[in-house]
Each structure stands twice: as C-alpha cells, then as structure tokens.
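Listed below are the residues making up each chain.
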2 protein chains.
Amino acid sequence: MTPSTPSSPSTPTTPSSSRTSSTARRAVLRGAAAASALAAVAATQTGTAHAAQPRRRDLDIGILLYDGYSLLDPTGPAEVLSRLPDAAVTMVAERRGPVRTDTGDVAVMADRSLAEVDRLDVLLVPGAGNRGTTAAMKNERILEWIGRMHRHTRWTTSVCTGSLILAAAGLLDGRRATTYWASAEYLESTFDVTYVPERYVRSGKIVTAAGVSAGVDMSLHLASLIAGERIAQAIQLAVEYDPQPPFDSGNAAEASPELKALALRLLEESSHG
Amino acid sequence: MTPSTPSSPSTPTTPSSSRTSSTARRAVLRGAAAASALAAVAATQTGTAHAAQPRRRDLDIGILLYDGYSLLDPTGPAEVLSRLPDAAVTMVAERRGPVRTDTGDVAVMADRSLAEVDRLDVLLVPGAGNRGTTAAMKNERILEWIGRMHRHTRWTTSVCTGSLILAAAGLLDGRRATTYWASAEYLESTFDVTYVPERYVRSGKIVTAAGVSAGVDMSLHLASLIAGERIAQAIQLAVEYDPQPPFDSGNAAEASPELKALALRLLEESSHG
C-alpha cells in the first residue's frame with residue numbers, strides 16, 4: 001500500500017550529491033558477502049528494468065493498533081514481516097493517526113483506518129496491559145472488523161494478550177492458543193480455549209504468540225510458513241536474531257512468585273492511566 | 001516528559017461504566033502471583049496518596065529517530081527501558097512528527113524536536129539501512145546534538161549501525177564497539193574503532209549493540225546497570241523474553257556466504273527509495 005521503489009546500491013540516494021565524503025562513496029553494509037549480494041541485486045534490477053516502478057505488493061499484512069498496546073508487540077513482527085519478498089506491512093486503527101502505547105511514551109502512526117481496509121492476507125493483533133486489552137475486548141467495531149478480516153486471511157495472528165481479543169471476537173472457540181503468562185488463567189476461564197504454554201501455537205490458520213517478545217519468534221515461524229525456511233532463516237540473519245538474554249528470567253514457569261509480582265508491578269507502574 | 005497518572009487496578013479505567021461484562025470485573029493480567037502484586041501496588045498508591053499526580057520521572061531516556069531507521073532498533077529498547085521505575089522514554093527527531101522506517105511501511109512519532117531536548121540521562125541511537133545511516137552520518141545537526149547530549153548522559157548507547165553514527169559524531173575514537181555484522185568492516189576501516197563481535201559492548205559510559213534485535217539484549221543489560229539485576233530480571237519476565245528462535249541462523253559468524261547474500265538482498269529489496 002505504501003509505494004516503494006528499489007534503490008540501486010551504487011547510486012547515492014541521499015539528497016546531497018557530494019562525493020567528497022568517504023561515506024558517500026561506500027555502502028555501509030557490506031562485509032565479505034555483501035559485495036556479491038549487492039551486485040546480484042543490481043543485476044536483477046537492471047535485468048527486469050523496472051527500478052523506477054513501485055514494488056509489487058503480493059502480501060498485505062495488517063497490524064491492528066489500539067490505545068494502550070505494548071510497543072514491541074506490533075513492532076517486532078513488523079520488522080520481521082516487512083522483509084518478506086513483495087510484502088507490505090500496514091498499521092491499522094479505528095482512525096488514522098498516532099496511537100499511543102500503554103506507557104503513553106510512544107505513538108506509532110496508523111496509516112489506514114479500519115474502514116479503509118477490506119481484506120488482508122495476514123492480520124496481527126498485538127497485546128496490551130489491562131486497560132488497553134479490556135477496552136479492545138469490548139470494542140464492537142474492532143471485534144467486527146477482526147471477524148470480517150479473518151474470513152479471508154491466509155493467517156490470523158496475535159501476540160501477548162492479543163489472543164484475548166481474538167477470543168472476544170469469537171475466533172478461538174474450541175481451539176488451542178497461547179497468551180501472556182499472566183493472562184493464561186483468564187483466557188481459559190473466560191473462553192472455550194485450551195491454553196498451551198508454548199512460545200507460539202498454531203491452530204489451523206490462527207497463530208497465537210506468548211507475551212511481548214514472543215512475537216519475534218512467532219513472526220519468523222510465520223515467515224517460514226509464507227515464504228519457506230530459507231527466506232525465514234535469511235530474515236533471522238538480517239535482523240541478527242541470535243538472542244543472548246543477560247538473564248535466565250524470561251520464563252514464567254520457572255520464575256518465583258516474588259519475581260512475577262515485581263514484573264507485574266513494574267508493568268502496572270509504567271502504565272499510563 | 002509525558003505526564004502519566006498511575007491507575008488503580010481495582011478501578012475500571014475504560015470509558016464504559018458497564019459492569020455487566022465479565023471482562024469489566026476482572027483484570028486480564030493476574031495468575032497466581034498477580035493478585036498479591038496488584039494489591040501491593042494499590043496499597044502503595046493509597047499510602048503515598050498521590051494517585052492523581054503525574055508520575056515522577058527521574059530518568060529521561062531519549063531515542064533518536066531519523067529517516068530510514070530500522071523499526072525494531074528503537075522500539076525493542078523502548079519497550080524494555082520504559083519499564084524502569086520512574087523512567088520516561090521520549091522519541092526525538094529533527095522535527096516533531098512521524099518519522100518513517102527504512103521500508104517506508106511504518107512511522108513512529110517524534111514527540112520532541114532536537115531543539116526541545118537539552119539534556120538526557122540515557123541517549124539511544126538506532127541503526128538503519130545504507131540510505132538512512134549514510135544520511136545521518138552526514139547530518140551536522142544530528143551529529144552536533146548527539147555530541148552535546150553525550151556530555152551529560154549517564155549512558156550513551158546505540159543499536160546496529162547506530163554505532164557508525166556515534167563514530168561519525170566522534171564519540172568512539174579509540175574505543176571498542178560493536179555494530180551490525182555487515183558493517184563491521186566499514187566501522188573498523190573508516191574510524192579509529194576496534195570492532196568486537198559481541199552482542200553488546202561497553203566502553204566507559206558508551207554501550208553499543210550488534211544488529212537490530214541485539215537492542216533488546218543490550219537494553220536489559222543497561223536496565224541492570226541503571227536499576228540493578230533484580231529489576232532487570234523482572235523486566236525480562238515482564239516482556240516474557242525467553243527467546244526461542246525457530247532457526248539457528250542469526251549469527252553471521254556461522255552463516256554461509258549464500259545466506260548472508262540473501263539476507264542483504266532481502267534488506268535491500270524491502271528498503272524504500
């Protein structure tokens with residue numbers, strides 16, 4: 001939906017035409033393999049002779065934003081999925097414009113309103129804190145739109161408490177799904193859903209991810225379902241996803257009650273009323 | 001900088017006053033430890049009796065946005081660092097308003113202009129593709145501002161090719177640093193910097209991270225330097241960072257030349273103009 005023209009790596013794309021700076025003469029991304037890779041891209045572009053045309057977009061990926069979402073939930077998957085060949089990622093909300101996170105600190109632009117999006121190949125619903133999740137679960141315009149998109153998606157996905165919103169839209173009835181660790185009890189007791197404590201869970205064309213950062217793992221898995229393992233492996237390298245968490249504290253099943261309480265307190269205190 | 005009022009978890013904060021819905025009566029985040037955690041928060045708020053006042057912000061964290069940054073570079077660390085007690089994360093750019101990523105698909109709002117930010121406790125400079133990195137490295141307003149902020153920061157940090165921008169601002173002279181795998185050669189050959197192929201590298205008060213997703217690891221480490229290991233461990237649990245990448249392909253040192261070439265081609269083809 002956002003037209004984009006491929007740029008030739010040998011052509012400076014910055015407004016400045018100066019070639020006196022060393023940075024203007026050399027690509028900053030290269031390394032041993034980069035020269036041949038970039039040469040291959042240039043050859044492809046010359047061969048197909050459409051360098052000035054908008055890139056084709058065969059895969060429309062829509063990410064729902066709503067007031068109070070958690071920032072990494074939509075942006076981690078957007079980073080990954082935007083690298084798929086011929087894919088376009090669009091942020092969608094009730095109205096166009098900036099949509100603020102749970103902390104109130106950051107806003108991502110919604111470039112399309114719900115009314116402007118009729119059909120998506122991939123839908124992703126992010127999670128939020130209590131306030132944002134609860135409001136979205138009661139928002140009939142959002143639930144109706146999710147249900148309508150889902151009828152034609154190839155993949156309907158969620159991150160964190162986004163699965164509660166899919167459930168509120170009626171999409172998870174009788175299914176297995178995951179969610180944020182602190183929402184698992186709520187998911188199972190409120191809906192006809194079997195909670196599965198895995199990083200991501202596929203049920204038919206629905207893929208749910210665990211909390212916040214799990215969206216990165218889920219979206220790489222999704223990339224492999226869409227474009228094959230080789231492309232997904234290359235995307236993982238492109239975002240240098242070789243995680244080395246400084247602590248071994250991210251798994252709620254192994255965390256002490258005290259650490260869980262502290263985690264939830266930090267979330268609550270950082271949330272914007 | 002963004003005023004925020006803590007919300008009591010027992011008070012519905014959604015516009016609807018309906019209590020007929022089961023979702024209105026119960027917090028969606030709880031689990032075994034959540035009830036006591038939330039009770040503790042409520043008690044703290046009652047005790048200090050300032051629930052309606054803006055939260056104190058003792059730690060000003062500024063993240064630079066510039067045209068063509070990679071989305072996860074600023075947003076991963078923002079998710080983590082915004083959970084630090086009494087911290088405020090602000091997106092800063094040359095001008096206020098939406099700033100687009102390298103793919104052109106997504107824009108994050110800059111809530112402050114460079115001219116509006118005089119001092120920061122923590123500065124983070126994200127990375128970008130060739131076009132965005134090269135332009136930022138030549139942008140004297142950005143380089144001057146980075147240098148000025150750095151004089152008073154507690155921590156000056158970067159993700160991915162953001163270290164090239166720190167280097168262009170003269171901050172890395174004689175130091176050890178890391179960067180995106182495909183920029184390592186460029187960093188060492190262009191600046192007086194020793195490249196260290198680690199996930200994040202600390203040199204005095206400067207902390208550089210490797211590519212894109214490494215910002216999450218770096219910012220958790222930074223959280224421990226700022227607030228102690230216990231808080232950082234709790235933040236890691238709060239964002240459920242127990243990574244399970246679907247492939248073992250994120251480390252460039254172990255990747256084949258072909259996979260590196262494919263990764264760089266996907267980056268180039270997904271990049272806007």
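Residues numbered from 1 in each chain as written. Chains lettered and ligands numbered in written order. Predicted model: local features only at pLDDT ≥ 70, side-chain atom pairs only at ≥ 80, totals over all residues. Heavy atoms only, no water.

A. Quick peek at the overall build of chain A. Counting its regular elements, chain A contains 10 helices and 11 strands. Every one of the 273 residues in chain A was classed for burial, and the buried ones make up 62%. Residue pairs in contact within chain A that sit at least 24 positions apart in sequence constitute 67% of those at least 6 positions apart. Of the roughly 9700 Å² of accessible surface on chain A, a fraction of 49% belongs to carbon and sulfur atoms. (Helix = DSSP H or I, 4+ residues; strand = E, 2+ residues; numbered from the N terminus. Buried < 20%, exposed > 50% of the residue type's maximum accessible area, 1.4 Å probe, protein only. Contact = heavy atoms within 4.5 Å. Areas by Shrake-Rupley, 256 points an atom, 1.4 Å probe, with all protein chains shown as cover.)

B. The packing of aromatic side chains, seen in detail. Residue and element names in this part refer to chain A. Counted by the stated rule, this structure contains 2 aromatic pairs over all chains. Aromatic side chains Tyr180 and Trp181 sit 5.3 Å apart centroid to centroid with 40° between the ring planes, which places their arrangement in the tilted category. Like Tyr180, the residue Trp181 is buried in the burial classification. (Phe/Tyr/Trp six-rings, centres within 6.5 Å; stacked < 30°, edge-to-face > 60°.)

C. Just helix H5 (residues 140-150) of chain A, in detail. When we look at burial in H5(A), the residues that qualify are A:Ile142, A:Leu143, A:Trp145, A:Ile146, A:Gly147, A:Met149 and A:His150. In this structure A:Asn139 caps H5(A), since a side-chain oxygen of it lies 3.0 Å from the backbone nitrogen of A:Arg141. (Polar contact = N/O pair within 3.5 Å; in protein donor to acceptor, adjacent residues only side chain to side chain.)

D. Spotlight on the pattern of salt bridges. Enumeration over the complete set of coordinates arrives at 18 salt bridges over all chains. The salt bridge partner of B:Asp102 is A:Arg83, with a shortest N-O separation of 2.6 Å. One end of the pair, B:Asp102, is in the loop between strand E3 (97-100) and strand E4 (107-110); the other, A:Arg83, is in the loop between helix H3 (72-81) and strand E2 (87-93), on a second chain. Taken as a pair, B:Asp102 and A:Arg83 share a single burial class, namely buried. Between B:Arg83 and B:Glu79 there is a salt bridge; the shortest N-O distance is 2.7 Å. (Salt bridge = Lys/Arg side-chain N within 4 Å of Asp/Glu carboxyl O.)

E. A look at the interface of chain A and chain B. On the side of chain B, 124 residues touch chain A, which itself brings 124 residues to the contact. When chain A packs against chain B, the two sides together hide about 11000 Å² of surface, and 59% of this comes from carbon and sulfur. There are 4 salt bridges connecting chain A and chain B. Counting every contact that joins chain A to chain B gives 45 residue pairs in polar contact (both at pLDDT 80 or more). At 14 residues, the largest contribution of residues to the side of chain A that touches chain B is made by helix H10 (residues 257-270) of chain A. Its residues assigned to classes, the side of chain A that touches chain B comprises 58 nonpolar, 41 polar and 25 charged. (Buried area = accessible area lost by both parts, 1.4 Å probe. Nonpolar A, V, L, I, M, F, W, Y, C, P; charged D, E, K, R; others polar.)

F. Spotlight on the relation of the copies chain A and chain B. Overlay of chain A on chain B (RMSD 0.0 Å): rotation 180°, translation along the axis 0.0 Å. Such a combination of turn and shift is consistent with a two-fold rotation axis. Identified as the residue of chain A closest to the rotation axis by C-alpha distance is A:Val108, at 2.2 Å. With an isologous cut-off of 70% or more, the 100% of interface residues of chain A that recur at the interface of chain B puts this contact in the isologous class. (Least-squares fit on C-alpha atoms with pLDDT ≥ 70 in both.)

G. Just the sheet that holds strand E7 (residues 155-158) of chain B, in detail. Residue and element names in this part refer to chain B. Strand order across the open sheet formed by 7 strands is E5-E2-E1-E6-E7-E11-E10, with mixed pairing between neighbours. Every other strand in the sheet has two partners, leaving strand E5 (112-113) and strand E10 (200-203) as the edge strands with one partner each. Packed on one face of the sheet, helix H5 (residues 140-150) meets strand E1 (59-64), strand E2 (87-93), strand E6 (122-125), E7 and strand E11 (206-209) and runs near 150° to E6. In this fold helix H8 (residues 214-227) packs onto E1, E6, E7, E10 and E11, with an angle of close to 170° to the strand it touches most, E7. (Pairing = 2+ DSSP bridges. Axes fitted to C-alpha atoms, helices over the stretch in contact; angles between N-to-C directions.)

H. Region of the structure containing the nonpolar core. The biggest cluster of nonpolar side chains holds 172 residues, and the ones touching the most others in it are A:Leu84, A:Trp145, A:Ile146, B:Leu84, B:Trp145 and B:Ile146. If we skip the residues at most four places from it in the chain, A:Ile146 touches A:Leu64, A:Leu123, A:Val125, A:Ile165, A:Leu166, A:Ala169 and A:Leu171. (Core = buried A, V, L, I, M, F, W, Y, C linked by side-chain atoms within 4.5 Å.)

I. Broad picture of the packing of H3(A) against helix H8 (residues 214-227) of chain A. Residue and element names in this part refer to chain A. Look at H3 against H8: their axes get within 8 Å of each other, and the N-to-C directions meet at 30°. With respect to their mutual orientation, H3 and H8 come out roughly parallel. Between H3 and H8 lies a crossing of right-handed hand. Where H3 abuts H8, its residues Gly76, Pro77, Val80 and Leu81 lie against Gly215, Val216, Ser219, Leu220 and Leu222. (Parallel < 35°, antiparallel > 145°, perpendicular 65-115°, else oblique. Left-handed = near helix turned anticlockwise from the far one by under 90°.)

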